[in-house]
Amino acid sequence: MLITLDQGSFLSALQAAQRASSTQSTLPILSGIKIQAEKDGDLEIYGTDLEISVKSKCPARVEKPGSTVLPGRLLVDIVKHMPPGAIEIKTEEKANNIEIKSEKSSFKIKGMQPEDFPAFPDVEAKQKITVDVRQLTDMLKGTAKAISKDETRPVLTGALLQEEDKSLLMVATDSYRLAVKTVPMRTKKTENTSLLIPQRAIEEIQKLLINESGKIDITSDENLMAIKTANIELISRLIEGQFPKYKQLVPKETTTSAEVNKDELIAAVKRVALMAQKNMSIKVSTDSSSINIVATTQGVGEASERVKAKITGEKMGEIAFNAQFLIDGLQAISEEKALFEFTGPVNPGLIKSIKKKDYLYLLMPIRIS
Amino acid sequence: MKDSSLWEQIKGHDKTVNLLRGVIDKKRLTHAYLFCGPRGVGKAKTAATFAAAINCDQACGTCVSCRGIQNLTHPDFHYISPEGTQTILLSQVTDLIKKIHLTKQNNGYRVIIIDDAHKMLPVAANALLKVLEEPPERVVFILVASDMNNVLSTISSRCQRVNFSALKVEVVRDILINDLKISKDKADLAVMLSGGMVGEAMEIASSGLLKVRKTMVDAIVAEKPDTARSVELASLLVAAAKKRTAKIKKDQEIEVKEAMSFVEGSRGAATIKRNLETRHHRERARVEHRCYQQALVLVASIYRDLLVLKENADEKFIANVDLSFELKSAKIERAQLTSALANIDEAKQRIEQNVNPLLAFENLFFTLEAVV
Amino acid sequence: MAYVSLYRKWRPQSFSQIVGQDHVSRTLSNAIEADHVGHAYLFAGPRGTGKTSTAKILAKSVNCLKGSTPEPCGTCESCKTIMNGTSLDVIEMDAASNRGIDEIRELRDKVAFAATIGRKKVYIVDEVHMLTEHAFNALLKTLEEPPSHVIFILATTDAHKVPVTISSRCQHFVFRPISMQDMAEHVIKVAKAEKVSIAKEAALVIARQAEGSLRDAIGILDQLATYTDKSITNENVVDFLGLVDAGVIETSIDLLISGQTEGVFEYVESLVQAGLDLRQFVSSILSYSRDLFIVSQVKTEQRLHLLVSPDKEVIKRLQKQAGQLGEDRIRSFTAELSTLFEAIKSSAQPRLAVELTLIRMMRGEELTIEAMAARIESLETQTNKPGSASSATIPAARIEPPRSGPSESAPTKAVDEAPRRTPAKDNTARDVEVTSSEADLSSPETKAGLKKVEEASSEAVGKKEGNGEVTLDTVKNMWPEILSEAKKKKLSLNAFLIEGDPLAITDGSLTISFGSRAAFAGKELEKRKNAEILKAIFSEVLGTKLDFSTIVDKIVKEPVVAKNEAPKREEKQEEGLGKESALDMIKESFGAEVVDKKT
């Protein structure tokens, strides 16, 4: 193999692939990155931990095609510290010794057999979702916090991406709260795709999309999903099993509704929560024109605050929520005002966006004994 | 077609093999199997073949899936075993469980082999129970165990049991002579010495221990104790074991060197090195221990010969035929045989509990000689 | 669609479908109907007796959207999600992977949240005995003040490892091993529904093999259905389960009766040649000798058919052999074989162990009753040895104040609280009784034995304090140092010393005890040269002068009795006789108790 490429574009392509490679595994090859140069093509860079696999591309002038596996972290460090400009990569006959050269410096490192590197998985594009990158980012952000970290129930450790008639939604719940973010779709689908994406893939997709714009495709089959930008393709396994039927958790009607300035409420909750007990429980109630928040810690003290709101429906007595969970929900609202709804002290509270009606956040109350 | 199957390479378990092939043919694959039977009869090999057959009906051994299972790179195949001698840890099981709850990469079955499942720590075994009872669809567990006493009944109760009998003596001889290329005389001797334990027979035949038997017999039949001889004998046995591990160590050092030249400088390098070295260390310890166990089998074989003589049974039952002259000079009571065997078993336990082997052997020979 | 194993397919979905646990299902059904469901339950019992199934049914019952009912509908969203494990209100966690204090603290914070669609949040904690001590303490806090919308169901196969502080806060239900009768009936029922034909005999063999676990029984049925093309005969079962052919065992007993010791080698050789596992062989011959014992005791043919074999011929042959051997020899055979069974598990040479034992049995040199008694006594004294492994294994429960009877001793509130309106058919009195193993603990024999142990140890303590200088504990603590010091000074000294255990300190002299096999090591130590070195080591390590003497335990250290595993085939027959396992026999014969079952 003999190729020449640009330091900057090589580095960013490497970093993308490196994120998928594993540092924990006992298999040394999984901490490696495979590079492959085909005749007249770009350089392809692969990284995987067998759960997530990334393939990135980098333009290169290929004089002699070939492939090798190099230590991932080391390679990234070397390229990072090379000056901008051209880099040459050369392998000896047996592909085991690799030379990486910039104008002034030269590194020789040992590679591993590319045949030993796991094959990049194949995703049959049985289903395809096309979505605007910005909208997808909003969905990921709005639901990521509600993903469960508890391994006891694996189906909750990811977010559900689902097509439904003329909309696409993303749902996550840890059974204490539920977040649903919806975006409208132009075309009505005949077959509704539904993907349960693991937490780790969610994070990686977020990073992948940072500098992207326009439309993006998510393809999938029964086993895997793939998301592809111009230069990077990420493939992830999905979570096995059935996501809870979340719709039945959402109350059809509520008895109290409060329209409130989102930022004011967040600030108030944060202040009051300073006096909350270890489990961050705060009590919420309404009167005719405001939401009242109270927190007490026995033997320490009490805090309370009123936030002006437009109240409709019945007066709400006391209901307790986890302050952090409440803040998480409010923060996902992109508009100035939010709707906060209740149905008595043992039923869930709801936070909704008002104008676009594209966000719903459900909070289980804490039972006050 | 048939002769190109991996199944053909499994010797002496025709009934079991037919049974497993039947499961695949009839598509009655269930989610958990427990292969149990004595050590070294080919359970793990059968498990790997079964795993291959689950995703390739013929277990052809050459397709991508079969090869992936053989060299552990199949994306939907997981192999867990104690790293070295000791135990299967909780973390190994919880890591596995996480993986099981992700989708498969291919359209076949996900197969998990847990080798030496009797070495699972109780907490690891308990952590496995739930997923072992109701795994996601198209997941098959194959647990392999040679010591059913150390398999929790809650584990075995969740699995279909597949029993492996000990191999018939002819089969063992066949394997020793034809597969392992061991000379006929040596093979016969090893089969006799092992007292029917095939795994032992194979290892004894290829260990350097056969030579030491003469010294052992001398020590055992001697009229009066000789501390110097006991000490020497003990150190002979330990030296034989060390010699074997030294050989392994060389290969391991090369492996570490190669791995390190690859990952050097990366952030995970230290972890990888540590893991590798821990594994190597355990591997060496395991081989060393095996060596000691075999030495004890040999010591016991001498007492068995003495028992045969004592009971005036047919001399064809004597294992150490080459030493029968020395054996006949022994004066020993049956009660002494009983306590000798107890002493040997105790030494075995000691060594398993990591008592210094030299001390354990010295102690054993002191005691044995004192008994005679 | 993937094949679903029968035991999953036939998992009970309502209380009426639970097999063989009438006392549990009835009490729980009544509690649900009376709206008296508790906040914390402890379900204890062996594997495959329905603990988790019952827990799930209880969860469905209290959360069924059609109202709290002992017959949950199975069709509402709540029932469906609980059945397929996706319910957000029923949390099944295994204690083994969540055993730490952090997980349990987290649980404590999370229980405060309201249930989603159901009325109650149900936490099912499987194998709860795996929790660490700290985790148990953290759990205790939650159990002390349970929120009203939460139900804890703790399930365990090892109730002894659950601290009393926990179990006393739970309603305690004991799940019994399923009786052979119930089990065989259920096997036949399932077989019929699955269109598998099965001989009644075969069902009984399966039931016997399953050792009280329904899951095992259905699992075996499932396998047999596959391998026999859905028509199961008795031979199929024996062949398939790899049970040692009764004929082989019968021959061995004939051989034993004949007394031809040289024949033993030929016989064992034939077993090995045939590829038979010697451990399996010993386990089979052990249960065969149990059959012999029963035959020698029970005269009613009908009972014998139920307990031993439905085959008249088999019974006849057994009776003949039993007659030839006589009751005493059968007993001592059983004892000898139990010891062998335990010993060959870890023997370097199982074959030699088997041959030796058989020869000993033939010669009538098997352990006499006196010898057995002596062994058991020694086991008791061993527990007295400070720091010895066995003393550590005495469960804390044994130091509890004496209780007056098994039924009272059950740490359960179910007796008083749970309404029992339905009169029991025939075994009311046993409804909430403790399992046999628990009964063992509180049995008078054990207590007597324990008392002895306690007295003995307090005696030792007294002496040690009287001495005022070096205590036994100090010596025990410093023992590793003493050993390593000995190793430095003289290798063989260390080798001898390693055999001994410091037993007591009396008048400035340490008693070191040696097992009979190591008697000579003790003698060696007492030789002047060794003794001098050892005393020097004592004063070096302990900083004070200490004399010593050695004594020999006349008996081997191994526990006498099989680990409760092999011979327990039917722990629970309907009548007392069925309980005759080798263990029980020994207990009965010698009025002794197993103090330490660990090897």
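In this text, all values refer to a predicted model and were calculated from it rather than measured experimentally.

J.: When you look at the nonpolar core in this model, what are you seeing that I'm missing?
T.: Within soluble globular proteins, side chains that are nonpolar tend to cluster in buried spots. One finds F340 of chain A together with I114 and F141 of chain B to be the most contacted residues of the largest nonpolar core, which totals 175 residues. Looking at this core, the element that brings in the most residues is helix α5 (residues 122-133) of chain B, giving eight residues. If you look at the next biggest cluster of nonpolar residues, it comprises 164 residues, including L210 of chain B together with L6, I178 and V295 of chain C.

J.: What is the right way to look at the pattern of salt bridges in this model?
T.: Close approach of charged atoms allows side chains with opposite charge to pair. For the coordinates displayed, the defined rule picks out 59 salt bridges over all chains. Within the structure, one salt-bridge network assembled from shared partners comprises E133, E134 and R158 of chain B together with R11 and R215 of chain C.

J.: Teacher, can you tell me more about the pairing of strand β7 (residues 86-91) of chain A here?
T.: Along a regular strand, successive side chains alternate from one face of the sheet to the other. Residue and element names in this part refer to chain A. Burial of the side chains of β7 is restricted to one face: I87, I89 and T91 are buried, whereas none of A86, E88 and K90 on the reverse face is. Two strands pair when backbone bridges link them, and strand β1 (residues 2-6) and β7 are joined in this way by five bridges, in the antiparallel orientation. Opposite I3, over in β7, you have I89 as the bridge partner.

J.: Looking at this structure, I do not really get a positive patch on the surface. What am I missing?
T.: Taken together, K186, K211, K243 and K247 of chain B make up a surface patch of like positive charges. Judged by its relative accessible area of 65%, K243 of chain B falls in the exposed class.

J.: Explain the interface of chain C and chain B here, please?
T.: Chain C puts 70 residues into the contact, and the matching count from chain B is 74 residues. One can count nine salt bridges joining chain C with chain B. A salt bridge links E266 of chain C to K316 of chain B, with the nearest nitrogen and oxygen atoms 3.5 Å apart. Summed over the shared surface of chain C and chain B, the number is 20 residue pairs in polar contact (both at pLDDT 80 or more). For the side of chain C that touches chain B, the secondary structure elements donating two or more residues are α1 (6-9), β2 (90-94), α10 (214-227), α11 (234-240), α13 (263-273), α18 (350-362) and α26 (491-497) of chain C. When its residues are assigned to classes, the side of chain C that touches chain B shows 24 nonpolar, 17 polar and 29 charged.

J.: Looking at this structure, how should I read the side chain of S353 of chain A?
T.: Residues and elements named next belong to chain A. With respect to the element layout, S353 can be found in strand β24 (residues 349-353). Here the side chain of S353 touches K357 through a polar contact of 3.5 Å, landing on its backbone nitrogen. Among the polar contacts made by the side chain of S353, one reaches the side chain of D358 at a distance of 3.0 Å. Setting aside residues up to four positions removed in sequence, S353 forms contacts with I333, E335, D358 and Y359.

Scoring rules and cut-offs
- Residues numbered from 1 in each chain as written.
- Chains lettered and ligands numbered in written order.
- Predicted model: local features only at pLDDT ≥ 70, side-chain atom pairs only at ≥ 80, totals over all residues.
- Heavy atoms only, no water.
- Core = buried A, V, L, I, M, F, W, Y, C linked by side-chain atoms within 4.5 Å.
- Buried < 20%, exposed > 50% of the residue type's maximum accessible area, 1.4 Å probe, protein only.
- Helix = DSSP H or I, 4+ residues; strand = E, 2+ residues; numbered from the N terminus.
- Salt bridge = Lys/Arg side-chain N within 4 Å of Asp/Glu carboxyl O.
- Pairing = 2+ DSSP bridges.
- Patch = residues over 30% accessible without salt bridge, like charges linked within 9 Å, V, L, I, M, F, W, Y side chains within 5 Å.
- Areas by Shrake-Rupley, 256 points an atom, 1.4 Å probe, with all protein chains shown as cover.
- Lys, Arg positive; Asp, Glu negative; His and termini not counted.
- Charge placed at Lys NZ, Arg CZ, Asp CG, Glu CD.
- Contact = heavy atoms within 4.5 Å.
- Polar contact = N/O pair within 3.5 Å; in protein donor to acceptor, adjacent residues only side chain to side chain.
- Nonpolar A, V, L, I, M, F, W, Y, C, P; charged D, E, K, R; others polar.

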